[in-house]
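Breakdown of the fold
Residues per chain are reported as follows:
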Amino acid sequence: MKFIDEAKIQVFAGDGGNGVASFRREKFIPRGGPDGGDGGRGGSIYAIADHNINTLVEYRFTPLFRAKKGENGRGSDCYGKSADDIILRMPVGTVITNMVTGEIMADLQHHDQKVLLAKGGAGGLGNIHFKSSTNRAPRQFTYGEPGEDFELKLELKVLADVGLLGMPNAGKSTLIRAVSAARPKVADYPFTTLHPNLGVVRVDQDRSFVMADIPGLVEGAAEGVGLGHRFLKHLARTRLLLHVIDIAPFDEQINPVHEAEALVKELKKYNETLYQKPRWLVLNKIDMLPDPERDALCHKFIHDYGWKDKWFGISALTGEGCSALVYAIMDYLEQELAVTVEE
Ligand SMILES: Nc1nc2c(ncn2[C@@H]2O[C@H](COP(=O)(O)OP(=O)(O)OP(=O)(O)O)[C@@H](O)[C@H]2O)c(=O)[nH]1
Ligand SMILES: [Mg+2]
């Protein structure tokens, strides 16, 4: 299924049913009192997070939801029936924004989380409520209240601990395949990955983290070159970025150091916060380097690039170095979590 990460919808809660003015009419009761019932409540609209759903695609096809009006009250003390609520199932990670005010109405973080989007109108009152000692035959009743309606933007921001960042063909999808059960397509042409993929990396029985593979980024992405940079928003909530670099490009003209610099420049252009996020370098495709010089070539890259932080040399294809990488990530995430909890 195609991965859709944005949709606009309109939701209309139902109006409340009207109350009614009515009087008891029975054969031997000449002046029966008021018996007009209340109107029913209009249907409300809720969003509920469901981890079995991973796209907003259906909201592209059905962008409008209208809950029913509550029934009007009737005579003989009959209350109108309330209308059914509408429940919209959305992926975990969906952020719902009011398009008019810009206010965030919901941020669905866990499975089964339920949020009211538009409240159905209350039913009106029937004339039974207006009876008093001075007015035994009230003709008053009230109308049902209108239901709320909103224009909403839905945005799916995947929830991953670690995000992969890199030029097309760097081997991001190959890496996520090597360390998780995710099976994104891998091919030797750029922009194989067109939508984000999530993989659960199981380190041991009860330790795991989620990795996100996103489409490749190229120089000029901010200006729309390639697939642009809008996919970077999926990295917004990650705690660590892995910058995957093809250390042995097929084309001799390509200088990995320049490639890495160009990518980071795009990252910075996109968003300073993302740029400031902890980032490790992953030098991929070391299997392509001549064996005796492997280490020396990796170190040369790190030196030329002027990198001071953590880095790993791996082959996503053969799996070399991947488990060391995975354990280091797990340790880092656990430590970082411990610090956050202490604070
Ligand atoms: N020799 C070798 N080839 C690799 C390695 N990792 C990936 N490749 C190859 O590089 C090509 C691109 O790999 P992908 O995993 O599709 O790259 P990507 O970064 O996901 O690319 P996009 O989705 O286009 O951004 C494929 O032909 C892979 O088989 C590696 O460690 N060694
Ligand atoms: Mg890919």
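Thresholds, definitions, all that
Residues numbered from 1 in each chain as written. Chains lettered and ligands numbered in written order. Predicted model: local features only at pLDDT ≥ 70, side-chain atom pairs only at ≥ 80, totals over all residues. Heavy atoms only, no water. Helix = DSSP H or I, 4+ residues; strand = E, 2+ residues; numbered from the N terminus. Rg over C-alpha atoms; globule rule 2.2 N^0.38 Å. Buried < 20%, exposed > 50% of the residue type's maximum accessible area, 1.4 Å probe, protein only. Contact = heavy atoms within 4.5 Å. Areas by Shrake-Rupley, 256 points an atom, 1.4 Å probe, with all protein chains shown as cover. Lys, Arg positive; Asp, Glu negative; His and termini not counted. Charge placed at Lys NZ, Arg CZ, Asp CG, Glu CD. Near = heavy atom within 4 Å. Polar contact = N/O pair within 3.5 Å; in protein donor to acceptor, adjacent residues only side chain to side chain. Pairing = 2+ DSSP bridges. Axes fitted to C-alpha atoms, helices over the stretch in contact; angles between N-to-C directions. Parallel < 35°, antiparallel > 145°, perpendicular 65-115°, else oblique. Left-handed = near helix turned anticlockwise from the far one by under 90°. UniProt positions renumbered as here; feature names shortened; annotations may be inferred.

Scanning the protein from terminus to terminus reveals 6 helices and 14 strands. Scaling as 2.2 N^0.38, a compact globule of 343 residues should have a C-alpha radius of gyration of about 20 Å, whereas the protein reaches 30 Å, well beyond that. Each of the three principal axes of the protein carries a C-alpha extent, and together these read 110 × 40 × 35 Å. When burial is assessed residue by residue, the protein has 48% of its 343 residues classed as buried. Considering only contacts within the protein whose residues lie at least 6 apart along the sequence, 73% involve residues at least 24 apart. Taken as a whole, the protein presents about 18,200 Å² of accessible surface, with 51% of it coming from carbon and sulfur. Each charge class in the protein can be summarised by its mean position, and for the 41 positive and 46 negative side chains these summaries are 11 Å apart.

A few words now on the site of ligand 1. Around ligand 1, the structure places 24 residues, and the nearest of them are Lys172, Thr174, Phe191, Thr193 and Asp287. At 3.3 Å, a backbone N or O of Ala187 approaches an oxygen atom of ligand 1. Here ligand 1, which alone exposes 660 Å², has 90% of that area covered by the protein. If you tally residues by element for the shell around ligand 1, the top one is helix 2 (residues 172-179), at 3 residues.

This part takes up unusual backbone geometry. Backbone phi values are negative for most residues with the exception of glycine, while trans is the configuration of most peptide bonds. Of note in this structure, Asp77 is not a glycine but carries a positive phi near 60°. Here Asp77 is to be found in the loop between strand 3 (64-66) and strand 4 (86-90).

Here the focus is the sheet that holds strand 7 (residues 114-118). Spatial strand order, 4-2-7: 3 strands in an open sheet with mixed pairing. Looking at which strands have only one partner, the edges of the open sheet turn out to be strand 4 and strand 7. Going across the sheet, the axis of each strand differs from the next one's by a mean of 30°, ignoring polarity. Pairing between strand 2 (residues 45-49) and strand 7: 4 bridges, direction antiparallel.

Turning next to the environment of Lys69. Assignment of secondary structure puts Lys69 in the loop between strand 3 and strand 4. In the structure, Lys69 is positioned 45 residues away from Lys114 in sequence and 22 Å away in space, judged by C-alpha atoms. Contacts of Lys69, omitting those with residues within four sequence positions, involve Gly14, Asp15, Gly16, Gly17, Asn18, Gly42 and Ala83. Looking at Lys69, its side chain comes within polar contact range of the side chain of Asn72, at 3.1 Å.

Take the packing of helix 3 (residues 256-270) against helix 5 (residues 294-305) next. Contact geometry of helix 3 with helix 5 gives a least axis separation of 10 Å together with a crossing angle of 45°. Relative to helix 5, the element helix 3 lies oblique. Here helix 3 runs over helix 5; the crossing is right-handed. Touching Pro256, Val257, Ala260, Glu261 and Val264 of helix 3 are Phe301, Asp304 and Tyr305, all from helix 5.

Our next topic: the UniProt feature "binding site: Mg(2+)" (unreviewed entry) in the protein. The sites that UniProt annotates as "binding site: Mg(2+)" (unreviewed entry) are Ser173 and Thr193. With the annotated positions falling across 21 residues, the maximum pairwise C-alpha distance of 7.5 Å places them together in a single cluster. Position of Ser173 among the secondary structure elements: in helix 2. Every residue in contact with Ser173, bar those within four places of it in the chain, is listed here: Pro184, Lys185, Val186, Thr193 and Asp213. Locating Thr193 in the fold gives a position in the loop between helix 2 and strand 10 (197-204).

Before going further, it helps to spend a moment on the environment of Ala260. By secondary structure assignment, the location of Ala260 is in helix 3. We classify Ala260 as buried; its relative accessible area is 1%. C-alpha separation for the pair Ala260 and Leu217, spaced 43 residues apart in sequence, amounts to 11 Å.

Next up on the list: the sheet that holds strand 1 (residues 6-12). Here 5 strands make up an open sheet; going across it, the order is 3-1-8-5-6 and the pairing mixed. The open sheet is flanked by strand 3 and strand 6 (104-107), the only strands paired with a single partner. Pairs of neighbouring strands in the sheet enclose a mean axial angle of 20°, with direction left out of account. Bridge count for strand 1 against strand 8 (residues 149-156) is 7 bridges, and the pairing is antiparallel. Bridge pairing in strand 8 places Val11 opposite Phe150.

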